[in-house]
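Structural features, examined
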Amino acid sequence: MPLILFAAPALWPEYRDALPRALAQAGISAQVVTEADPHAVDYIVYAPSAPLQDFAPFVRTRAVLSLWAGVERVVRNPTLTQPLCRMVDPALTEGMVEWVTGHALRFHLGMDRHIVNPGRLWDPTTPPIARERPVTVLGLGELGLAAARALAALNFPVRGWSRTEKHIQGLETYHGEDGLDAALTGAQIVITLLPRTPGTDNILNARTLALPARGAAVLNPGRGPLIDDDALLAALDSGQIGQATLDVFRVEPLPADHPFWAHPKVTVTPHIAADTRADSASAVLAENIRRGEAGEPFLHLVDRARGY
Ligand code: NDP
Ligand code: OXD
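Right, let's walk through the structure included here. Within each chain, residue numbers correspond to sequence positions counted from 1 in written order. Whichever chain is written first becomes A and whichever ligand is written first becomes 1, with later ones labelled in order. Confidence filtering applies because this is a predicted model: local features only for residues at pLDDT of at least 70, side-chain atom pairs given and counted only at 80 or more, and all residues used for totals across whole chains, interfaces and linings. Note that the side-chain values use all heavy atoms of the structure and ignore hydrogens as well as water.

Quick look at the pattern of salt bridges now. Whenever Lys or Arg places a side-chain nitrogen within 4 Å of a carboxyl oxygen from Asp or Glu, that contact is recorded as a salt bridge. Following the criterion strictly, the structure yields 14 salt bridges and no others. The partner of Arg 306 in a salt bridge is Asp 303, with the nearest N and O atoms 3.9 Å apart. Taking the relative accessible area as the measure of exposure, Arg 306 reaches 34% and is therefore partly exposed. Think of it in three bands: with a 1.4 Å probe and only protein chains considered, a residue is buried below 20% of the maximum accessible area for its type, exposed above 50%, and partly exposed in between. Classification of Asp 303 as partly exposed rests on a relative accessible area of 32%. Within this structure, Asp 42, Arg 60, Arg 62 and Glu 293 form a network of salt bridges that share partners.

Here's what the structure looks like:
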């Protein structure tokens, strides 16, 4: 019977019932514990906030299963030699699609003008329709592609950018460093759904923030370091960027004195764009454990060299 170490203590109340239930549904009889002799552990369920940072003693562990989609805080841990799988959770994806489309539509329809209208101004300015509003999604993985498809289904002309070349019906696609400028030029909404890697740090900087249309919105539910904070603040102050909705930050919680909190064109959401949901995530964990036990390849394996 495999021994599963649930090494994310803060999340245990959510998974205490959900994970054993999902394992039973997958036909796995396993023992799930929150403390164990490392030599006896077969699988580790992991979150970056976990105290566990030294994976070396876990000599028989077959996989480390991250509860997070983004793995930048563990992928370069030199003690981690076991296979690392990241979280791809259908409910997390749905949550991200809802956050992205909700905040994109808020900007698109100019909702703030009517919600915050202390002067009772009767301003009948008509917003453009979606097909007149070009959107660019940086990152076409599980989350970026789902968000891009949802926006395209609402009629926005969507451009997407990824590391490798892709052909996706209904989207205009660009890839690699050479494709970035063409993907961003003229966009009226820019969405960053990239992992944090050395290749994506500060991808939105003073130079690239000058490429979208004047007054464009930036939505960042990816990772804080994708954006150069000072460059974004300067672009907001100059009017080049009209609005920024940010869910992730270099330091979280966002420090109380960070200028983003007070900036009139910035909306801060507290890293809630898309949480991992215990029921659906447990089914994903159980499937990977089933695969490990059956000697089948794991799903959602992280490529250490790429860093995501
Ligand atoms: P995926 O790994 O599925 O997709 C990543 C995408 O980014 C791929 O399209 C990849 O290209 C592209 N990419 C990576 N590096 C580069 C690069 N150097 N240049 C161009 N494109 C690049 O990740 P997910 O979609 O599942 O998640 C994306 C990120 O969202 C996570 O890493 C995490 O940081 C964040 N996240 C935030 C949450 C929140 O609540 N705010 C919740 C969950 C995730 P290619 O397809 O060619 O490999
Ligand atoms: C994740 C996140 O990576 O919540 O899963 O940001």
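From this point, the discussion proceeds with the structure in view.
Lining the immediate surroundings of ligand 2 are Trp 68, Ala 69, Gly 70, Arg 223 and His 271. Whenever a nitrogen or oxygen atom comes within 3.5 Å of another N or O atom, the pair is scored as a polar contact, on the condition that within protein one atom can donate a hydrogen and the other can accept it, and that pairs from neighbouring residues in sequence are kept only if both atoms are in side chains. One of the backbone nitrogen or oxygen atoms of Ala 69 is found 2.7 Å away from an oxygen atom of ligand 2. For ligand 2, an oxygen atom lies 2.6 Å from a polar atom in the side chain of His 271. Residue burial considers only the protein chains on display, and all accessible areas are found by Shrake-Rupley using a 1.4 Å probe. For ligand 2, the protein covers 88% of the area, taking 210 Å² as the surface of the free molecule. Here the term charged refers only to Asp, Glu, Lys and Arg, the term nonpolar to Ala, Val, Leu, Ile, Met, Phe, Trp, Tyr, Cys and Pro, and the term polar to all other amino acids, Gly among them. A class-by-class count of the residues in the shell around ligand 2 yields 2 nonpolar, 2 polar and 1 charged. Any residue with a non-hydrogen atom lying within 4 Å of a molecule or strand is treated as near it.

Further remarks concern helix 5 (residues 176–184). Helix and strand assignments follow DSSP, with helices taken as H or I runs no shorter than four residues and strands as E runs no shorter than two, numbered in order from the N terminus. When we look at burial in helix 5, the residues that qualify are Gly 176, Gly 179, Leu 180, Ala 183 and Leu 184. Take helix 5 and look down its axis: the buried residues cluster within an arc of 125°, on one side only. Within helix 5, the exposed residues directed more than 90 degrees away from the buried face are Glu 177 and Asp 178. Two residues qualify as a contact provided that any one of their heavy atoms is within 4.5 Å of a heavy atom in the partner residue. Against the buried residues of helix 5 lie strand 6 (135–138), strand 7 (158–162), strand 8 (172–175) and strand 9 (189–192). Directions drawn from the helix axis to the C-beta atoms are what define this arc.

For the rest of this paragraph, the subject is the site of ligand 1. Around ligand 1, the structure places 30 residues, and the nearest of them are Arg 86, Thr 164, Lys 166, Asp 247 and Tyr 308. Out of a free accessible area of 940 Å², ligand 1 has 92% covered by protein chains. Those elements that place two or more of their residues in the shell around ligand 1 are helix 2 (90–108), helix 4 (142–153) and strand 7. Considering each element in turn, the shell around ligand 1 owes the most residues, 3 residues, to helix 4. Per-class residue counts for the shell around ligand 1 are 14 nonpolar, 10 polar and 6 charged. Mapped onto the domain boundaries, the shell around ligand 1 takes at least three residues apiece from domain 1 (3–89 + 276–294) and domain 2 (92–268). Residue ranges assigned to the domains are those given by an automatic or database domain assignment.

Here we take up the side chain of Gln 243. Inspection of the secondary structure assignment puts Gln 243 in strand 11 (residues 241–246). A relative accessible area of 14% places Gln 243 in the buried class. Not counting the four nearest positions on each side in its chain, Gln 243 is found in contact with Arg 106, Phe 107, Asp 112, Ala 216, Ala 217, Val 218, Leu 236 and Lys 265.

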